[in-house]
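# Commentary on secondary and tertiary structure
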Amino acid sequence: MTAQVHDSTAREPLEKLLGILYARGYQFVTVTPTTHKLVNQRPANAWASHLHDVFGWNRPFTKEIVGVEILELLQAAEVLRPVDKGWQSLVRVSSVADKLFLHSGFPTDAQDAVFFGPDTYRFINAMYGALATLPGKVQRCVDIGTGSGVGAILLAEALPYAAIWGVDINEKALSFAHTNAKASSIANVHFQYSNLLQDLQGEFDLIIANPPYLVDPAARAYRHGSGPLGAQLSLDIVQAALARLAPGGSLMLYTGVAIVDGHDPFLEAVKQMTKHAGCTYQYTEIDPDIFSEELSTAAYARADRIAAVWLLVSRPTLEADTLLQLISTVAEP
């Protein structure tokens, strides 16, 4: 059975489920798929004994572990898979700070799987750190490729006076994001379908994104970044943002890049794109070595490593842009 969460009749029981988990103080930090698999392979972890085993580690469970109410909610949402002597949830729930986020069950093999993991936490931590550096008041924001909605929802909480959009091409992700926002009582965020910014109007004071960046032979939406080294989608986001940032606006992008012979081709492309657009950038390696198992694949045969990076692009204010143009004019012979 596949999860059917695209309509309000399926979302309502999942909202109630999150409400119950909030009330019971549920928390779970989601690990990498490799760690998840290794931990679940331990003999003592064959079956769930707590709620975090059910919705975090995604282990099979019996009715006694979750109770009748939760079991009925999972059945109503059609996210329950029968197994021998019990059931297994087709959704997981992870926590960031005091918020809970519904996402796809383990393993995330489906084309429309909604992923959540260590990259999510790196992205959010970097976003929080960068918010304090923004030059002016942020009124219009968008989270490109919102997934579970974690970036848009936490941004909406941090900027309660701003209008936030979360966009994605994955309808299941949009449904999860809507459910997560409603369960957290976040009202200033709106989720809608859009390929990058194509279905949105106007300029934005802040654009954030945590796109897929690997070369995935199955081309799963949450994982495949396109291009020879998986960087094409990240570059497309930079290009789209440069065309839609308001004066004084910023792009915050968390992504992964393949370093080849000590060279960062993504950074070189960003340098040219931002220079052409009259914007500035800050670039930081958050983690120099992630997804090392990918180096054994043909796509990364020449790569030294894959690094997690943080890119902050800033468009000058109108006043600053005018000053720069004046300086440029005076400097001309």
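Here, residues in each chain are numbered from 1, in the same order as that chain's written sequence. The predicted nature of this model means local features are confined to residues of pLDDT at least 70 and side-chain atom pairs, given and counted, to a pLDDT of 80 or more, with totals for whole chains, interfaces and linings taken over all residues. Only hydrogens and water are set aside when side-chain values are computed; all heavy atoms of the structure are taken into account.

A count of helical and extended segments in the protein chain gives 10 helices and 11 strands. In terms of C-alpha radius of gyration, the protein chain reaches 21 Å, essentially the compact-globule figure of 20 Å for 333 residues. Overall, the C-alpha framework of the protein chain stretches about 85 × 45 × 30 Å when taken along its three principal axes. Remark: exposure states derive from per-residue accessible area (1.4 Å probe, protein chains only) relative to the maximum for the residue type, with buried under 20%, exposed over 50%, and partly exposed in between. Residue burial in the protein chain is summarised as follows: out of 333 residues, 52% are buried. Within the protein chain, contacts between residues separated by at least 24 positions form 69% of all contacts whose residues are at least 6 apart in sequence. The protein chains shown are the only cover counted for residues, whose accessible areas, like all others here, come from Shrake-Rupley with a 1.4 Å probe. When the accessible surface of the protein chain is split by element, carbon and sulfur atoms take 54% of a total near 15,300 Å². Counted charges follow a simple rule, with Lys and Arg positive, Asp and Glu negative, and His plus the chain ends left uncounted. The atom standing in for a charge is NZ when the residue is Lys, CZ when it is Arg, CG when it is Asp and CD when it is Glu. Across the protein chain, the 24 positively charged side chains and the 34 negatively charged ones have centroids separated by 5 Å. Strands here are runs of E lasting at least two residues and helices are runs of H or I lasting at least four, both read from the DSSP assignment and numbered beginning at the N terminus. What the globule rule says is 2.2 Å times the number of residues to the power 0.38, and the radius of gyration is computed from C-alpha atoms. The criterion used for residue contact is that any of the two residues' heavy atoms lie within 4.5 Å.

Take the pairing of strand S6 (residues 163–168) next. Buried residues dominate S6, accounting for five of its six residues. Strand direction decides the pairing type here: strand S5 (residues 140–144) and S6, joined by five bridges, are parallel. If you follow Arg-140 over to S6, its bridge partner there is Ala-163. Orient the strands so they point away from the viewer; a crossover is then right-handed if the path from the first strand over the helix to the second runs clockwise. You can see the chain leave S5, run along helix H6 (residues 150–158) and come back into S6, and the turn it takes is right-handed. Bridge count between S6 and strand S7 (residues 189–193): five bridges; the pairing is parallel. For two strands to count as paired, DSSP must find a minimum of two bridges between them.

Let's shift gears to the nonpolar core. By size, the foremost hydrophobic cluster in this structure holds 44 residues, and its most contacted members are Met-127, Leu-155, Leu-206, Met-252 and Trp-310. Of all the secondary structure elements, the ones that give two or more residues to this core are helix H5 (118–131), H6, helix H7 (171–183), S7, strand S8 (204–209), strand S9 (245–260) and strand S11 (303–314). Put simply, buried Ala, Val, Leu, Ile, Met, Phe, Trp, Tyr and Cys residues joined by side-chain atoms within 4.5 Å make one nonpolar core.

By definition, pLDDT measures how confident the predictor is in each residue, and it falls between 0 and 100. Per-residue confidence for the protein chain averages 93 on the pLDDT scale, and 93% of its residues sit at or above 70. Considering only residues more than four positions removed or in separate chains, one finds that residues 1–6, a stretch of pLDDT under 50, has 23 contacts.

Below, the discussion takes up the pattern of salt bridges. What makes a salt bridge here is a side-chain nitrogen of Lys or Arg within 4 Å of a carboxyl oxygen of Asp or Glu, nothing more. According to the stated counting rule, one finds 15 salt bridges in the structure shown. Its salt-bridge partner being Asp-53, residue Arg-59 comes within 3.0 Å of it at the nearest N-O pair. Each of the two residues, Arg-59 as well as Asp-53, counts as buried. The partner of Glu-157 in a salt bridge is Lys-99, and the shortest N-O contact between them spans 2.5 Å. Remark: Lys-99 occurs in strand S4 (residues 99–104) and Glu-157 occurs in helix H6; sequence separation between them is 58 residues. Look at the salt bridges and you will find they share partners, linking Asp-109, Asp-216, Arg-220, Arg-223 and Glu-294 into a network.

Under the pairing criterion, centres of Phe, Tyr and Trp rings, with the six-membered ring standing for Trp, must be within 6.5 Å; the plane angle then separates stacked pairs below 30 degrees from edge-to-face pairs above 60, leaving the rest tilted. All chains considered together, the criterion is met by seven aromatic pairs. On the basis of an interplanar angle of 80° and a centroid distance of 5.7 Å, the ring pair of Phe-116 and Tyr-121 is categorised as edge-to-face. Given a relative accessible area of 1%, Phe-116 falls into the buried group. On the basis of relative accessibility, which here comes to 17%, the residue Tyr-121 falls in the buried class. Between Phe-266 and Tyr-283 the ring centres are 6.3 Å apart and the planes differ by 35°, which places this aromatic pair in the tilted class. Of this pair, Phe-266 sits in helix H9 (residues 265–277) while Tyr-283 is found in strand S10 (residues 280–287), placing the two residues 17 residues apart along the sequence. Residue Phe-266 is classed as buried on the basis of its relative accessible area of 3%. On the basis of relative accessibility, which here comes to 21%, the residue Tyr-283 falls in the partly exposed class.

Along the chain, Asp-84 falls in the loop between strand S1 (80–83) and strand S2 (86–89). Once the C-alpha coordinates of Asp-84 and Leu-154 are considered, the two residues, 70 residues apart in sequence, prove to be 39 Å apart.

This brings us to the sheet that holds S8. Hydrogen bonding along the main chain pairs the strands of a sheet, whether they run parallel or antiparallel. Taken in spatial order, the seven strands line up as S7-S6-S5-S8-S9-S11-S10 in an open sheet, and their pairing is mixed. The open sheet has two edge strands, S7 and S10, and neither has a second partner. The sheet shows a mean angle of 20° between the axes of neighbouring strands, taken without regard to direction. To obtain an axis, a line is fitted to C-alpha atoms, over the contacting stretch when the element is a helix, and the angle between two such axes runs from 0 to 180 degrees between their N-to-C directions. Sheet contacts for H7: S6 and S7; angle to S7, the most-contacted strand, approximately 165°.

This part covers the packing of H5 against H6. Packing of H5 against H6 brings their axes to within 11 Å, and their N-to-C directions diverge by 30°. Relative to H6, H5 is oriented roughly parallel. Between H5 and H6 the crossing geometry is right-handed. Taken together, the residues of H6 that come into contact with H5 (itself represented by Thr-120, Phe-123, Ile-124, Met-127, Tyr-128 and Leu-131) are Val-150, Gly-151, Leu-154, Leu-155, Glu-157 and Ala-158. Amino acids outside the nonpolar list (Ala, Val, Leu, Ile, Met, Phe, Trp, Tyr, Cys, Pro) and the charged list (Asp, Glu, Lys, Arg) are all regarded as polar, and Gly is one of them. Grouping the constituent residues of the contact of H5 with H6 by class yields nine nonpolar, two polar and one charged. With respect to orientation, any angle under 35 degrees is reported as roughly parallel, any angle over 145 as roughly antiparallel, any angle of 65 to 115 as roughly perpendicular, and every other angle as oblique. Each crossing gets its handedness from the near helix: less than a right angle anticlockwise from the far helix is left-handed, clockwise is right-handed.

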